[in-house]
Amino acid sequence: MRPNLNINNKKKIINDPVYGFISLPKDIIFDLIEHPFYQRLRRIKQLGMSHLVYPGALHTRFHHAIGATHLMTKAIHALRYKGIEITEEEETAVLIAILLHDIGHGPFSHTLERDIVKNVSHEEISLLFMKRLSEEFEGKLDMAIAIFEDKHDKPFLHQLVSSQLDMDRMDYLNRDSFYTGVSEGVIGSDRIIAMLDVADNQLVVEQKGVYSIEKFLVARRLMYWQVYMHKTVVSSEVMLTFLLRRAKMLVQSGKELFASPPFKLFLEKDIELIDFENDPTLLNQFALLDDFDIMGAVKVWQFDTDKVLSLLATQLINRKLFKIEISTTPFSKERIQYEIDLVKVHFDLDQNEAGFFVSTAILRNNAYNEQRENINLLMKDGSVKDVSQAADNLNIHALSEPVEKYFLCYPSPNL
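Residues numbered from 1 in each chain as written. Predicted model: local features only at pLDDT ≥ 70, side-chain atom pairs only at ≥ 80, totals over all residues. Heavy atoms only, no water.

### Some words on the sheet that holds strand S8 (residues 384-386)
Strand order in this open sheet of four strands is S3-S4-S7-S8, and the pairing throughout is mixed. Bordering the open sheet on either side are strand S3 (196-199) and S8, each of which pairs with just one other strand. Ignoring strand direction, the axes of neighbouring strands in this sheet form an average angle of 50 degrees. For strand S7 (residues 376-378) and S8, the ladder comprises three bridges, and the chain directions are antiparallel. By the bridge assignment, leucine 377 is partnered in S8 with lysine 385. (Pairing = 2+ DSSP bridges. Helix = DSSP H or I, 4+ residues; strand = E, 2+ residues; numbered from the N terminus. Axes fitted to C-alpha atoms, helices over the stretch in contact; angles between N-to-C directions.)

### Quick look at the pattern of salt bridges
Tallied over the full model, the rule gives 25 salt bridges. A salt bridge links aspartate 270 to lysine 248, with the shortest nitrogen-to-oxygen separation between them at 3.3 Å. Of this pair, aspartate 270 sits in the loop between helix H12 (261-268) and helix H13 (273-278) while lysine 248 sits in helix H11 (residues 231-252); the two residues are 22 residues apart in sequence, bridging distant segments of the chain. Salt bridges here are not isolated pairs; linked through shared partners, they connect Lys26, Arg80, Glu88 and Glu91. (Salt bridge = Lys/Arg side-chain N within 4 Å of Asp/Glu carboxyl O.)

### Focus on the layout of surface pockets
A volume near 230 Å³ is recorded for the second largest pocket. Forming the boundary of the second largest pocket are 14 residues, of which Ile14, Ile33, Arg42, Phe62 and Ile66 lie nearest the centre. Within the lining of the second largest pocket, the residues separate by chemical class into seven nonpolar, three polar and four charged. (1 Å grid on protein atoms, 1.4 Å probe; cavity = no way out; pocket = protein on both sides within 12 Å on 5 of 7 lines; lining within 4 Å. Points joined across faces, edges and corners; volume = space filled by probe spheres on them. Nonpolar A, V, L, I, M, F, W, Y, C, P; charged D, E, K, R; others polar.)

### Looking at the side chain of lysine 26
With respect to the secondary-structure elements, lysine 26 resides in the loop between strand S2 (20-23) and helix H1 (27-34). Judged by its relative accessible area of 16%, lysine 26 is buried. Not counting residues within four places of it along the chain, the set of residues in contact with lysine 26 comprises Glu88, Glu91, Thr92 and Leu95. (Buried < 20%, exposed > 50% of the residue type's maximum accessible area, 1.4 Å probe, protein only. Contact = heavy atoms within 4.5 Å.)

### Topic: empty space enclosed by the protein
If you roll a probe as big as a water molecule over the atoms, it shows you where there is empty space left. This model, assessed by the stated rule, comprises two cavities of 30 Å³ or more. Estimated volume of the largest cavity: approximately 70 Å³. Taken together, Gly104, Gly106, Pro107, Ser109, Leu112, Glu113, Ile116, Val117, Val120, His122, Ile125 and Phe286 form the lining of the largest cavity. Per-class residue counts for the lining of the largest cavity are seven nonpolar, four polar and one charged. Roughly 50 Å³ of internal volume is contained in the second largest cavity. What lines the second largest cavity is simply Ile22, Ser23, Leu24, Pro25, Ile29, Ile33, Ile66, Thr69, His70 and Leu99. No other element matches the three residues that helix H3 (residues 61-81) contributes to the lining of the second largest cavity.

### Structural notes on the packing of aromatic side chains
Under the defined criterion, the tally for this structure stands at 13 aromatic pairs. Seen from their ring centres, tyrosine 172 and tyrosine 228 are 6.0 Å apart, and the 85 degrees between their planes marks the pair as edge-to-face. Taken together, the positions of tyrosine 172 in helix H8 (residues 167-180) and tyrosine 228 in helix H10 (residues 210-228) put the pair 56 residues apart, joining distant regions of the chain. Among the residues examined, tyrosine 172 registers a relative accessible area of 11% and is labelled buried. The exposure class assigned to tyrosine 228 is buried, which follows from its relative accessible area of 17%. Measuring from ring centre to ring centre gives 5.4 Å for phenylalanine 347 and phenylalanine 357, while their planes differ by 25 degrees; the resulting arrangement is stacked. (Phe/Tyr/Trp six-rings, centres within 6.5 Å; stacked < 30°, edge-to-face > 60°.)

### Looking at the pairing of strand S1 (residues 13-16)
Sheet topology places S1 next to S2; four bridges connect them, and they run antiparallel. Across the sheet, residue asparagine 15 finds its bridge partner in S2, namely phenylalanine 21. Linking S1 to S2, which pair antiparallel, is a turn of three residues.

### Things to note about the environment of phenylalanine 322
Its place among the elements puts phenylalanine 322 in the loop between helix H16 (307-317) and strand S5 (323-327). Overall, phenylalanine 322 belongs to the buried group, its relative accessible area being 4%. Separated by 91 residues in sequence, phenylalanine 322 and proline 413 place their C-alpha atoms 9.5 Å apart.

### As for the environment of leucine 312
For leucine 312, the location among the structural elements is in helix H16. On the accessibility criterion, leucine 312 (0% relative accessible area) is buried. The spacing of leucine 312 and serine 388 is 76 residues in sequence and 45 Å in space, taken between C-alpha atoms. Other than its neighbours up to four places away in sequence, leucine 312 contacts Met239, Phe242, Leu243, Phe322, Phe356 and Phe357.

Don't take any of this as a statement about function, it's just geometry.
Okay, structure coming up:
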């Protein structure tokens, strides 16, 4: 006789292109992945507009969060092997915290983070989602929330989720380098995880892992300049941001624009954190937003009667991106106005309208910030030392120095 099969089996195996076959460690992890709030992450690209430069960069926040959860299981195993006490309840909680750490990302991830909502970070929205899910799961996420907020009595658990050496960064460096083909981003995550330890309740790395940490920091700096802050990626992100701001301005002045119902809501109102807290339905509406809402609207906006909106949408859809210049010094007001004047003449726009086509700002790359939560080495004599102070690692100290560049974005004369 054929044995009874458990149709509710939650021990799933996922074939991940970066790590191979990985398993879901807890039933509740499966249940959370199945939730519509989490499934939305399948429709949000990890790297925003980077696919316009690296065609393979089409992976999603869903991929990333699953990968980070996999690395967390390995980190927990490595720490327990060294005698660090992590209870079953704490293991479940820290896995939930890393699984949901990015659940608050909106469409195109960081690109539109400050424009779809007003002055609300994705971490704050992630926390709102986690609290809502904890209500639905009868309090089973409460410890995960405490870890996420760094309110648990074992700070190293929070550091595994959010620090300068967390499972989030380890996965996105490996994953983003894999999908973009930028091999400089590959890091030795297995070795770094094997070198993790805990001293005085803080996450540390064994001294012999210092060169793996140096490679990790170098990889992070290179990925920022080659991928995250690649000048063409920045150009496309500026264009998408200007599009959203123009659409918001038009809608809030009374113009009817094509948009999905949840997208229209966020165009009509400048929604802040207090609005989410006062009106729980707003989180449900945010949960309906993804990349498809934005690009579906942009495709239609190509044919709108507003010239600014139409021009920006048409250029973005057809990858006719703004030209971008990078400088180590700020661009002068005269140079910026010169580009605005060219736009005014070329497209027959006024000063305010032309402002949607010219942008300048700072690109800042800080691979390691000595002023934040440090990466600490556990020395052979039992002392703990900041990684940047390691005697023979001047490279790490250099990486802690922020690099700033200025950019100026404007339409190409051929557009």
